[in-house]
Amino acid sequence: MWRKLLLRGTTCLLQVAAPRFLHQRPFPPFSCVRLLTQRLLHRPPQLLDKGYFLAHSGTRAYKKDAKSTLEIPTTPVTITDIKQYLRSKEIPFHDGYSCLHTPSIFINPSDRKDSYSLFIDKTTGQFVCKDTLVEGSWEDIQDCLEVMQKQEQDFLSPHVLLGYPESMEEQEERESELREVQRIWSSSVPLTDVPEEEALLVKTMFQISKVSNATLKKFGVRLFKPTKSLVFPWFGGPDSSLKGVKLLSAQSTDNNKVIYKEATVPKCNSFYSLFGLPLVGRMDAEVVLTGSELDTLAVSQATGLPSVALPRGVSCLPPILLPYLEQFKRVTLWLGDDIRSWEASKIFSRKLGLRRCSLVRPGEYRPCPMEALAQGKNLGHIIKSSIPAAHKSIVSFKQLREDVYGELSNTEQVAGVKWSRFPELNRILKGHRKGELTVFTGPTGSGKTTFISEVALDLCMQGVNTLWGSFEINNVRLAKVMLTQFAMQRLENNLEQYDFWADKFEELPLYFMTFHGQQNIKAVLDTMQHSVYLYDINHVIIDNLQFMMGQENLSVDKFAVQDHIIGAFRKFATNSSCHVTLVIHPRKEEDDRDLQTASIFGSAKASQEADNVLILQEKKLVTCPGRRSLQVTKNRFDGDVGIFPLDFLKSSLTFEAPIQGKHKLRKVASKPENEGDEGNKVEVKKVEVKKEKAAKIAKAPRTVTGKESVQQ
Ligand SMILES: Nc1ncnc2c1ncn2[C@@H]1O[C@H](COP(=O)(O)OP(=O)(O)OP(=O)(O)O)[C@@H](O)[C@H]1O
């Protein structure tokens, strides 16, 4: 929050230090404000979302989205710190699965319904009070407790932390979103009120024929006739009011598949619904967590068990939802029927607490819940056959055999996410996989950052949650390059299109570290760790390794330092199931020689630890001055290596395989001076094709999970 104020150019120290206290009457004692000032000014945020860049690339107003601008403290708090602090303040607490539960300090003790309604996240210290919906950081709650102690109060007004004034624009946006939610909800009809014939048609379209009217009614599912979408309400807060809606539409494809598309109001990055939660009883101790609303309907109808659906499917489990899952002693994760769901269920169970989680392993006899219902399977049996998430240190093949079978029978999915702009990379590397380390090198100034930016953007556009650590070029410049690549055009020449593309770009699951220049490896790793927890980051790009070398002890051998850093990234990638792409400068080579694996700066550790080694080769050709080649010299997944040419399209800062016959085209040109024109024509044509593609992607209604889901 302080960052926003600083960036707005606010000069008032009090506002910078403790904006929320400005709205507290009476003001907190000055000593307290000073304490906050010191603490806040020494706590730089290290992770930003794209809103920052978009807002500051001109004199545009900042778009507030408190949820996506969570700040990462420099020194991460540990559970021991939290407990020690609470004890020192004599605050009682229960040790829960993901959170500590304490009495809410925002409610008069005599009015407390539930004595332990304030939840403090054990990993981040973030807190939320379920009764008042007040939320904030670990520092916020410490500040509140200090104020309480100083003022000798036994509770604080919930407005203490809600006092940050919204700008007119933000207020209007919030109100218009609420109006939109109400408009959709009131103009949609309960499916049970739709004439029988029409209802049957809808059910067939969504492939939910087996879902009874009673189930649809129980969960309040409606039909929004103008777009023929199912409407799933998000009821939340202490008064269970309508906070948002999710619209689901279905389209049949030629091969009898159904493609589901989702849209939410408010936008997906502030849509925190756990569909089904209002139907969960206070005493329920078991829940089935699914990846979609339809799956929750199926589980509930077939088993009678409490079930809730994650708002963004398998793409993330936002920690803000964890307090609502604390009451359950047993959580069964049944997120879908593919490898991605399986990987997500393993990652989410770490956040939920491994001991209480069991996982439904996708397989022939265990499709997703709605499919299982349609096939007449026994969903209760499938849930019972789920396997514990906590795995033992020593296992036998018997325990591994299903995993091995899963990998053998889903080779395409195991190979990872495919690039849509780089088919040649798919051919060699097969895909982008979690938990791997990619080392990327190339001559100085050859276009490494530009290329890796497009490679990462391609994945991010397909729902790979991405974190950038760009230490060399600042984030505004990097975001500008990415936005140009996203829009496939120079927006400086088309400023009227800026908002269109910026709005679409903002929806990508993309985050940036705010580090610049030399950095300490520990601070970088801590930030990465935090972002994996907060945003379920799947891909971190570090550009480049040399910026972590300077801070380390210089009396130690330079290569040993580099080896240590590479080892740390390797460990992080494996332990966090997160792909790390590390840009490393090459050592000085003769200009006319191609780089090799051994040209990577440092000892052999980088190439040994890496799963993939990519080299951007720069052969200066008179005919194609911008042409580069991408060489894969190591591929641990299946050993395939190879090289392919890449043309640089300057007008969109993107790379593409050369169009065949381009040279012929050039030869046809009668005058040498036309050569450039012809080259330009080819580039213009290529850009046009790519631009059309990009516009198509951007215009398509974005799905909440970042991907369309297909049901057979
Ligand atoms: N194939 C190319 N042909 C011509 N110019 C290019 C090519 N690729 C990138 N550029 C341009 O070259 C400049 C440098 O690119 P970039 O920063 O990506 O290089 P780099 O290899 O990361 O540099 P460094 O070695 O300093 O880290 C940018 O202005 C970019 O637009």
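What comes next is a walk through the structure. Note that the structure is predicted; figures quoted are calculated from it, not measured. Note that residues are indexed from 1 along each chain, following the sequence as it is written. Since the coordinates come from a predicted model, pLDDT governs what is reported: local features require at least 70, and pairs of side-chain atoms require 80 or more to be given and counted, while whole-chain, interface and lining totals use all residues. As a rule here, side-chain values come from all non-hydrogen atoms in the structure, and water together with hydrogens is ignored.

## A look at the packing of aromatic side chains
Working definition: an aromatic ring pair is given by the centre-to-centre distance plus the angle between the planes.
Reasoning step 1: Here a Phe, Tyr or Trp ring, Trp counted by its six-membered ring, pairs with any other such ring whose centre lies within 6.5 Å, and the pair is stacked when the planes are under 30 degrees apart, edge-to-face when over 60, and tilted otherwise. Applying the stated criterion across every chain yields a total of 16 aromatic pairs.
Reasoning step 2: Joined through ring pairs, the aromatic side chains of F422, F440, F451, F648 and F655 make up one cluster.
Reasoning step 3: Note on geometry: a ring has a charge over it if NZ (lysine) or CZ (arginine) is within 6 Å of the ring centre and within 35 degrees of the ring normal. The side chain of R222 reaches across the aromatic face of W185, ending 3.8 Å from its centre.
Reasoning step 4: Between R433 and the ring centre of F637, over which it is positioned, the NZ or CZ distance is 3.9 Å.

## Considerations on helix α6 (residues 138–150)
Reasoning step 1: Numbering goes from the N terminus for both helices and strands, where a helix is a DSSP run of H or I of at least four residues and a strand is a run of E of at least two. What a helix should span is 1.5 Å times the count of its residues minus one. Helix length check: α6, at 13 residues, gives a terminal C-alpha distance of 18 Å against a target of 18 Å (1.5 Å per residue), a fit within 8%.
Reasoning step 2: A simple rule labels every residue: compare its accessible area, found with a 1.4 Å probe on the protein chains alone, to the largest value its type can have, and call it buried under 20%, exposed over 50%, or partly exposed in between. Here α6 lies mainly inside the structure; 11 of its 13 residues are buried.
Reasoning step 3: For α6, the complete set of buried residues consists of W138, E139, D140, I141, Q142, D143, C144, L145, E146, V147 and M148.

## Some thoughts on the packing of helix α17 (residues 448–460) against helix α18 (residues 475–487)
Reasoning step 1: The N-to-C vectors of α17 and α18 enclose an angle of 60°; their axes lie 10 Å apart at closest approach. Between α17 and α18, the angle falls in the class oblique. Judged by the sense of rotation from one axis to the other, the crossing of α17 with α18 is right-handed. Listed contacts from α18 to T449, T450, S453, E454 and L457 of α17 are L478, V481, M482, Q485 and F486.
Reasoning step 2: When residues are grouped by polarity, Ala, Val, Leu, Ile, Met, Phe, Trp, Tyr, Cys and Pro land in nonpolar, Asp, Glu, Lys and Arg in charged, and all others, Gly among them, in polar. When its residues are assigned to classes, the contact of α17 with α18 shows 5 nonpolar, 4 polar and 1 charged. Lines fitted to C-alpha atoms define the axes, with helix axes restricted to the stretch in contact, and inter-axis angles between N-to-C directions lie between 0 and 180 degrees. Any angle from 65 to 115 degrees is called roughly perpendicular, while one under 35 is roughly parallel, one over 145 is roughly antiparallel, and all others are oblique. By the definition used in this description, the sense in which the near helix is turned from the far one sets the handedness, with an anticlockwise turn below a right angle giving left-handed and a clockwise turn giving right-handed. Note on contacts: a residue pair qualifies if any of its non-hydrogen atoms lie within 4.5 Å across the two residues.

## So, the pairing of strand β17 (residues 437–441)
Reasoning step 1: Counting buried positions over the 5 residues of β17 gives 5, a clear majority of the element.
Reasoning step 2: Both faces of β17 are covered, namely the face carrying L437, V439 and T441 and the face carrying T438 and F440.
Reasoning step 3: Pairing between strands is defined by DSSP: at least two bridges between them are needed. As defined by bridge partners, β17 adjoins strand β21 (residues 579–583) across 4 bridges and the pair is classed as parallel. Counterpart to V439 in the pairing with β21 is L582.
Reasoning step 4: As defined by bridge partners, β17 adjoins strand β22 (residues 612–617) across 4 bridges and the pair is classed as parallel. Residue pairing for β22: F440 is matched across the bridge by L614.

## Topic: the sheet that holds strand β5 (residues 127–129)
Reasoning step 1: Taken together, 5 strands build an open sheet; the order of strands is β2-β3-β4-β5-β6 and the sheet is antiparallel. The two strands at the open ends of the sheet, each matched to only one other strand, are β2 (94–95) and β6 (135–136).
Reasoning step 2: Strand direction decides the pairing type here: β5 and β6, joined by 2 bridges, are antiparallel. Looking at the pairing, F127 lines up with G136 of β6.
Reasoning step 3: Sheet contacts for helix α5 (residues 79–88): β2, β3 (99–102) and β4 (118–121); angle to β3, the most-contacted strand, approximately 10°.
Reasoning step 4: Contacts between α6 and the sheet are confined to β4, β5 and β6, with β4 contributing the most and set at about 135° to the helix.

## Structural notes on the sheet that holds strand β13 (residues 307–309)
Reasoning step 1: Taken together, 5 strands build an open sheet; the order of strands is β13-β12-β14-β15-β16 and the sheet is mixed. One side of each edge strand has no neighbouring strand; the edge strands of this open sheet are β13 and β16 (387–388).
Reasoning step 2: By the bridge criterion, 3 bridges tie strand β12 (residues 286–290) to β13 in an arrangement that is parallel. In the sheet register, V288 faces β13, and the bridge partner there is S307.
Reasoning step 3: Where helix α10 (residues 293–303) meets the sheet, its contacts fall on β12, β13 and β14 (330–334), and the angle it forms with β13 comes to roughly 175°.
Reasoning step 4: Set on the sheet, helix α11 (residues 339–352) makes contact with β12, β14, β15 (357–359) and β16; between it and β15 the angle comes to about 175°.

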